[in-house]
Amino acid sequence: MGRSCSSISLFLALKLLLLLIAWSSKRGHCLTTPRPRATNKSIGSVLDLDSLMGMQQKIAMEIAIRDFNRFSRTKLHLEVQNSRGNSAQTVVSAMDLAQKKQLLAIVGTITQSEASLATEINNATKNTPILSLSSYAPITELPSSPFPQLIQLGDDINIQMQCLAAIVGHFKWKKVTTIYEVNSRFSYDPGVLISLSNSLRHVGSEIVNQLALPSLSLQSRIENELNQLKKKSNRVFLIVHSSLELASVLCKKAKQMGLMEKGYVWIIPNEVASLLDSVNSSVISTMQGVIGFKTHFLETTKPYRKFGFRFRTRFAQEYPEEEENNTPSVFALRAYDAAIAIAKITNKSQGKFNMKEFLDENLHQSSTFTIINVIGKSYREMAVWSPTHGFSKNFVEHEKMEVNKSNGYDGVVLSNIYWPGDLHSVPRGWTNSNEEMPLKIGVPANDAFAQFVNVTYGDSKHATSITGFSINVFKAAIKNLPYHLHYDFVPFNGSYDEMVNQVNNKTLDAAVGDISILAYRYHLVEFSQPYIDSGLNMVVVEKPNKSKQTWMFMDAFTKEMWLMMAAMHVLVGFVIWLIEREENEELQGLGAMLWFLVTVIFLAHREPIRRPLARTVLAPWLFVILIVTSSFTASLTSMMTVSQLEPSVVDIQTLQKRNAPVGCDENSFIVRYLIDILKFKPENIRRINSINGYPAAFKNNEIEAAFFVAPHAKVFLAKYSCEGFVQAGSTFRLGGFGFVFQRGSSLARDISEALLSVIENGETEQLEKDMLSNSHCSLSDKKAKESSPLGYQPFLGLFCICGSIAILALLYIMLCLTLKNVENLVKYMRDALTQLWRIRRWITTHCVGIYSKVQSRSMRGVNVAIEARNSAEIVIDSEQVPRVAEVV
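The model shown is predicted, which means the values in this text are computed figures rather than measured ones.

A.B. asks: Honestly, helix α8 (residues 244-256) in this entry has me stumped. Any pointers?
C.D. replies: Think of an α-helix as 3.6 residues a turn; residues three or four steps apart then line up on the same face. Over its 13 residues, α8 runs 18 Å from end to end, which matches the ideal 18 Å to within 8%, given 1.5 Å per residue. Turning to α8, its buried residues number three or more, namely Leu244, Leu246, Ala247, Ser248, Leu250, Cys251, Lys253 and Ala254. Positive phi appears at Gly258, one or two residues downstream of α8, with a value of about 85 degrees.

Dropping the structure here:
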């Protein structure tokens, strides 16, 4: 409120100052053409005669007045006042001309705000028609000023900004820098930038830097400002509003400072591009590679060529120093047309100016622009653009086109552009720069699911490693941006809602992680395109499901049970075969016994059992087979069906009726969702801060169910499915995971577009598979956790009965066989003993002979040894006699 009051006070002070100026300078800076004697009407003009545009407009209007006076009895004269590009001087000049008698209208570069101010200060201006030749048609008006009789002959500012945005959108530059001239307080309307910003938003771009330069800027100031822009990462510069003079100095200085090299983009506006035909070669040399747009008009018609010849002659006579700048522009044509139209209407209306008839005149007003590219000593016309047809190659093709709803952004019309630095490919519009402040992007520091965001610290807090699925997706999206994004990850210790609020209050620029898109968050921040679908899932303990295992039927019994069954079956079958083999021809031989063992299992044996003892052994075993077969079928059926049909908890209503405790992530929105939406009691909610805490909570009966968002549930089930967990109940749909940005941030739109590319090329799906593959438990672990198979203990009594009967029968049959063959056995034993006696005698005789021989040989050896010893003693005595003699 204070700011608006100060603005009104300053506005009133300025009006008072202008009143004093108007009162003291009635005669102003007036340049009046010689008045013929028969003249009684005049046309006023307010032009900036210090600029090339103003000089051309003055010459064109003088030619128009001369042409009219040559063939009309009513003589007109032109009164020109020099505004010198100053808004206050323009207002004073307009008021001064309005005081003139017999003034038909005022023609000049007068903006709407200037005309409104002049009308409010001076009542005479209210009744004076004003024809504005300004390059920009106004988009705003001062609400406190009455609207004057103002006719705009210039191009609509909105269309010019749309053309500028269309060029930016065609080359897909997402960020631009705007440069504009401010020559006085009222000469530049801020609505220009508003219009440009809105147009850029429609093509997916935005203004990131702005540079305002006064008309009389020193080169040192321009150099300083350009140095600041050079440090930025953006390389697309739009000159939104500027005089030719300032644009020439700006481009010259930019070339000297290296801002016209490879990678840079410069776009010039209509008021500069339309005057390039009238500049010398030195100005063209500083604009090599620059693109721009100019109002389209036909330069090949005979009237234009005739006008051009007279214009160049007259211009050279009055401004000999501007010898090279004498080609008429569209601004000169409009000034000529305006003056001629006023004269013709005045002649028809008996010396009065009729605004309605003037509006019916066909003047050089066009919403079609020619796109140019400065190269060599001039420029090339690259394409034609209009708001209804978009881009086309030339004007003839443009006139035949139907309405192009895409506005030509994705076409190939603007090809073969010569860019600054002799670059032949489209500049990307940005470069890496360490001078800019990086974006602060928050990430959850204590994520319960480290698979999505994992923050680890090194030796110091600054040595931080941030990884995870969400981080990988964000980095993949960044690679698809058409510009460089300078950012830093900032670990955030707090809940997700607190992190979202930090983005909302602009403490953080954005947030990246497994952040759910929810309604109550949506009005606080801007969300990106979801990079993974989400929902709320319930996970409970499952019963084992073995129905898909190859050898699943073997798990119905334990190994001991299978071994016990096999041993008992072989024992019973062997006993029956031993009993029946002598009298039953069908049970003779080993093969018959084996086949009998197989058929008995299925109670399908056809071999008759004739002996009562065999039937006594077989009957209880058939009963055991029946009981075990039924138990096997029941156990196998249970393994295949029970775990699928009977989860531990069927639905949420069951939990609520049982008042059961449930678990969820303590930093997640799920706590709030369970209480507010699903109506769980707060005391029944257990907050768990880690994925590893859930199995222990289930095991200790702290919770009966756990609630996860769908991506977290996938990770949990992939990691702990071997411990018997399964999803239960229905899924509550949610908005998915997305990245968070500040409201109105264009980065959200750019990241969303980049995310769509990442999703469409399958990169997100692959990253998710990689994340889940690292969490899968093995099949052996899963088997080890499933329910135990059926052992032999339930059947131990039956096995003992059957085994006892079989063993007794075996002893009986062995006894019978022994008694039946006792004589043969005695004879066999007598023959065996006789043979053993003979073997003993032979061994004894042979051993005695060997002993006698050994003993005789031993005695001989002893006698030889004694004789040898005696001989040795005699020899020793004979050798010792001489030694004794020597001693003596």
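A.B. asks: Could you clarify how one ought to interpret helix α6 (residues 191-202) in this entry?
C.D. replies: An ideal rise of 1.5 Å per residue puts 16 Å on twelve residues; α6 measures up with 17 Å between its terminal C-alpha atoms. Looking at the buried residues of α6, the elements they touch are α5 (157-170), β9 (175-182), β10 (206-214) and β11 (236-241). Count one or two residues on from α6 and you reach Gly204, which has phi positive near 80 degrees.

A.B. asks: Looking at this structure, how should I read the side chain of Glu768?
C.D. replies: Among the structural elements, Glu768 can be located in helix α26 (residues 763-773). For Glu768, the residues in contact, after removing those within four places along its chain, are Phe469, Ile532 and Lys714.

A.B. asks: Looking at this structure, how should I read the sheet that holds β9?
C.D. replies: Within a beta sheet, neighbouring strands are joined by backbone hydrogen bonds and run either parallel or antiparallel to one another. Taken in spatial order, the eight strands line up as β10-β9-β11-β12-β13-β14-β15-β16 in an open sheet, and their pairing is mixed. The outermost strands of the open sheet, each flanked by one partner alone, are β10 and β16 (390-392). On average, each strand axis in the sheet is inclined to that of its neighbour by 25 degrees, with strand direction left out of account. Inspection of the sheet shows β9 paired to β10 by eight bridges, in the parallel sense. Across the sheet, residue Val182 finds its bridge partner in β10, namely Pro214.

A.B. asks: How do you make sense of the packing of aromatic side chains when you look at a structure like this?
C.D. replies: The geometry of an aromatic ring pair comes down to the distance between the two centres and the angle between the two planes. Considering all chains together, one arrives at 31 aromatic pairs under this definition. On the numbers, 4.8 Å between centres and 25 degrees between planes, the contact of Tyr531 with Phe739 is stacked. In this pair, Tyr531 is assigned in the loop between β22 (526-527) and β23 (535-541) and Phe739 in strand β28 (residues 737-741), connecting sequence segments 208 residues apart. By the burial criterion, Tyr531 is buried, and Phe739 matches it. By the ring-pair criterion, three or more aromatic residues cluster together here, those being Phe452, Phe469, Phe474, Tyr487, Phe489, Tyr531, Phe737 and Phe739. Geometry around Trp430 places Arg428 over its ring, the cationic atom sitting 3.8 Å from the centre. Between Arg672 and the ring centre of Tyr520, over which it is positioned, the NZ or CZ distance is 4.0 Å.

A.B. asks: Could you clarify how one ought to interpret the packing of helix α11 (residues 302-318) against helix α12 (residues 330-348) in this entry?
C.D. replies: What describes two packed helices is the angle between their axes and the distance between those same axes. For the pair α11 and α12, interaxial distance at closest approach is 12 Å and the crossing angle is 100 degrees. Our classification of the angle between α11 and α12 gives roughly perpendicular. Contact residues: Tyr304, Phe307, Arg310 and Phe311 in α11; Ala332, Leu333 and Tyr336 in α12. When grouped by side-chain class, the residues that make up the contact of α11 with α12 number six nonpolar, no polar and one charged.

A.B. asks: Quick question: what am I supposed to make of the environment of Ser195 here?
C.D. replies: Among the secondary structure elements, Ser195 is positioned in helix α6. Looking at Ser195, the relative accessible area reads 6%, which means it is buried. Taking the C-alpha atoms as reference points, Ser195 and Gln162, 33 residues apart in sequence, are found 8.2 Å from one another. Non-local contacts of Ser195, meaning those with residues more than four positions away in its chain, are made with Ile157, Asn158 and Met161.

A.B. asks: Where do I start with unusual backbone geometry in this structure?
C.D. replies: The phi angle of most residues is negative, glycine excepted, and most peptide bonds adopt the trans form. Phi is positive for Asp422, which is not a glycine, with a value near 60 degrees. With respect to the element layout, Asp422 can be found in the loop between α14 (395-400) and β17 (439-444). Asp422 sits in the partly exposed class, given a relative accessible area of 41%. Positive phi is not limited to glycine here, since Asn659 has a value of about 55 degrees. Checked against the element boundaries, Asn659 lands in the loop between α21 (652-657) and β24 (662-665).

A.B. asks: Just to check I follow, could you spell out the nonpolar core for this structure?
C.D. replies: Across soluble globular proteins, you tend to see nonpolar side chains buried next to one another. Ranked by internal contacts, the top residues of the largest apolar core, which has 76 residues, are Ile43, Leu131, Leu226, Trp266, Leu276, Ile342 and Phe358. When residues no more than four places from it in sequence are discounted, the contact partners of Leu131 are Ala105, Ile106, Val107, Gly108, Ile151, Leu153, Ala338, Ile342, Phe353 and Phe358. Formed by 73 residues, the second largest nonpolar core is a distinct cluster that contains Ile466, Phe716, Phe741 and Met771.

A.B. asks: Which parts of the structure should I look at to understand the sheet that holds strand β20 (residues 487-492)?
C.D. replies: Strand order in the open sheet formed by five strands is β20-β17-β21-β28-β22, with mixed pairing between adjacent strands. Strand pairing shows two members of the sheet lacking a second neighbour, β20 and β22, which therefore form its edges. Where strand β21 (residues 510-516) meets β28, four bridges bridge the pair, whose relative direction is antiparallel. Along β28, the bridge assignment pairs Ser516 with Phe737. Contacts from helix α15 (residues 469-479) reach β17, β20, β21 and β28 within the one sheet, and its direction differs from that of β20 by about 160 degrees. In the packing of helix α16 (residues 496-504) onto the sheet, contacts are made with β17, β20, β21 and β28, and the angle to β21 comes to roughly 150 degrees.

A.B. asks: Hey, could you run me through the confidence of the model for the protein in this one?
C.D. replies: Note: predicted coordinates in regions of low pLDDT should not be interpreted at a detailed level. In this model, the protein carries a mean pLDDT of 78, and residues with pLDDT of at least 70 account for 77%. Residue range residues 1-16 is modelled with pLDDT below 50. Its contacts to residues more than four positions away, or to other chains, number eleven contacts.

Criteria and thresholds
Residues numbered from 1 in each chain as written. Predicted model: local features only at pLDDT ≥ 70, side-chain atom pairs only at ≥ 80, totals over all residues. Heavy atoms only, no water. Helix = DSSP H or I, 4+ residues; strand = E, 2+ residues; numbered from the N terminus. Expected span 1.5 Å × (residues − 1). Buried < 20%, exposed > 50% of the residue type's maximum accessible area, 1.4 Å probe, protein only. Contact = heavy atoms within 4.5 Å. Pairing = 2+ DSSP bridges. Axes fitted to C-alpha atoms, helices over the stretch in contact; angles between N-to-C directions. Phe/Tyr/Trp six-rings, centres within 6.5 Å; stacked < 30°, edge-to-face > 60°. Lys NZ or Arg CZ within 6 Å of the ring centre and 35° of its normal. Parallel < 35°, antiparallel > 145°, perpendicular 65-115°, else oblique. Nonpolar A, V, L, I, M, F, W, Y, C, P; charged D, E, K, R; others polar. Core = buried A, V, L, I, M, F, W, Y, C linked by side-chain atoms within 4.5 Å. pLDDT = per-residue confidence, 0-100.

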